[in-house]
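Inside the fold
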Amino acid sequence: QVQLVESGGGLVQAGGSLRLSCAASGRIFSINTMGWYRQAPGKQRELVAHITSGGGTNYADSVKGRFTISRDDAKNTVYLQMNKLKPEDTAVFYCTANVRASVPPYEYDYWGQGTQVTVSS
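Cut-offs applied
- Residues numbered from 1 in each chain as written.
- Predicted model: local features only at pLDDT ≥ 70, side-chain atom pairs only at ≥ 80, totals over all residues.
- Heavy atoms only, no water.
- Helix = DSSP H or I, 4+ residues; strand = E, 2+ residues; numbered from the N terminus.
- Contact = heavy atoms within 4.5 Å.
- Salt bridge = Lys/Arg side-chain N within 4 Å of Asp/Glu carboxyl O.
- Buried < 20%, exposed > 50% of the residue type's maximum accessible area, 1.4 Å probe, protein only.
- Disulfide = S-S within 2.5 Å.
- Pairing = 2+ DSSP bridges.
- Core = buried A, V, L, I, M, F, W, Y, C linked by side-chain atoms within 4.5 Å.

**Re the environment of Val-117**
Looking at the secondary structure, you find Val-117 in strand β11 (residues 115-120). Between the C-alpha atoms of Val-117 and Arg-27, which are 90 residues apart in sequence, the distance is 29 Å. Those residues in contact with Val-117, other than ones at most four positions away along the chain, are Gly-9, Gly-10, Leu-18, Leu-20, Met-82, Asp-89, Thr-90, Ala-91 and Phe-93.

**Here's the deal with the pattern of salt bridges**
Across all of its chains, the model carries six salt bridges by this definition. Across the pair Asp-73 and Arg-71 runs a salt bridge whose closest N-O atoms are separated by 2.7 Å. Ionic pairing is found between Arg-100 and Glu-107, a salt bridge with its closest N-O pair at 3.7 Å. When its relative accessible area of 39% is taken as the criterion, Arg-100 is described as partly exposed. What you see here is one network of salt bridges that share partners, running through Arg-38, Glu-46, Arg-66 and Asp-89.

**Description of the state of the cysteines**
Cysteine pairs can be linked by a disulfide, which is a covalent bond between their two sulfur atoms. Enumeration according to the criterion identifies one disulfide in this entry. The disulfide bridge from Cys-22 ends at Cys-95, spanning 1.9 Å between sulfur atoms. In this structure the cystine formed by Cys-22 and Cys-95 twists about its S-S bond by roughly 40 degrees; its chirality is therefore right-handed. Linking Cys-22 in strand β3 (residues 18-26) with Cys-95 in strand β9 (residues 91-101), this pair joins segments that are 73 residues apart in sequence. Judged by relative accessible area, Cys-22 falls into the buried class, the value being 1%. Here Cys-95 falls in the buried class, since its relative accessible area comes to 0%.

**Concerning the pairing of strand β4 (residues 28-39)**
For a regular strand, side-chain orientation follows a simple rule: the groups alternate between the two sheet faces. Here β4 pairs with β9 via nine bridges, running antiparallel. Following the sheet pairing, Trp-36 is matched in β9 by Cys-95. Where β4 lies against strand β5 (residues 46-51), five bridges are found, and the strand directions are antiparallel. Across the sheet, the residue bridging to Trp-36 is Ala-49, located in β5.

**So, the nonpolar core**
Among the nonpolar cores identified, the biggest contains 31 residues, and Trp-36, Leu-80, Met-82 and Phe-93 are the most heavily contacted of them. With five residues, β9 is the single largest residue contributor to this core. Beyond its immediate chain neighbours, meaning those up to four positions away, Phe-93 contacts Glu-6, Leu-20, Trp-36, Tyr-37, Arg-38, Val-48, Phe-67, Leu-80, Met-82, Gly-114, Thr-115 and Val-117.

**Considerations on the environment of Pro-41**
Tracing the backbone shows Pro-41 in the loop between β4 and β5. A C-alpha to C-alpha distance of 7.0 Å links Pro-41 and Ala-91, two positions 50 residues apart in sequence.

Structural data, given as structure tokens:
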């Protein structure tokens, strides 16, 4: 069993910054792609950014130049640095990780519980 625990969400004014963290724990052999999604009220969940095990990154157009995803494999943790936040960034942010484990399921996509980010105007 693998758990993803997010932290770092909160309330911030427009133009401000927040840093989200997501730590994976459990019977982990290795972690492939890690990423962040978000879901605003009344909208579908959308990809914000993801990072491969080799460090390759991909961002949604709406966050390019403002958000930076990174990972620390020694800590099984992925981060999302969010700068120049806008009210339209308000959403619940979820982390995800494609994990290879030493016990079944040997490869599986896990999700965190979500953390609220609210940007006031």
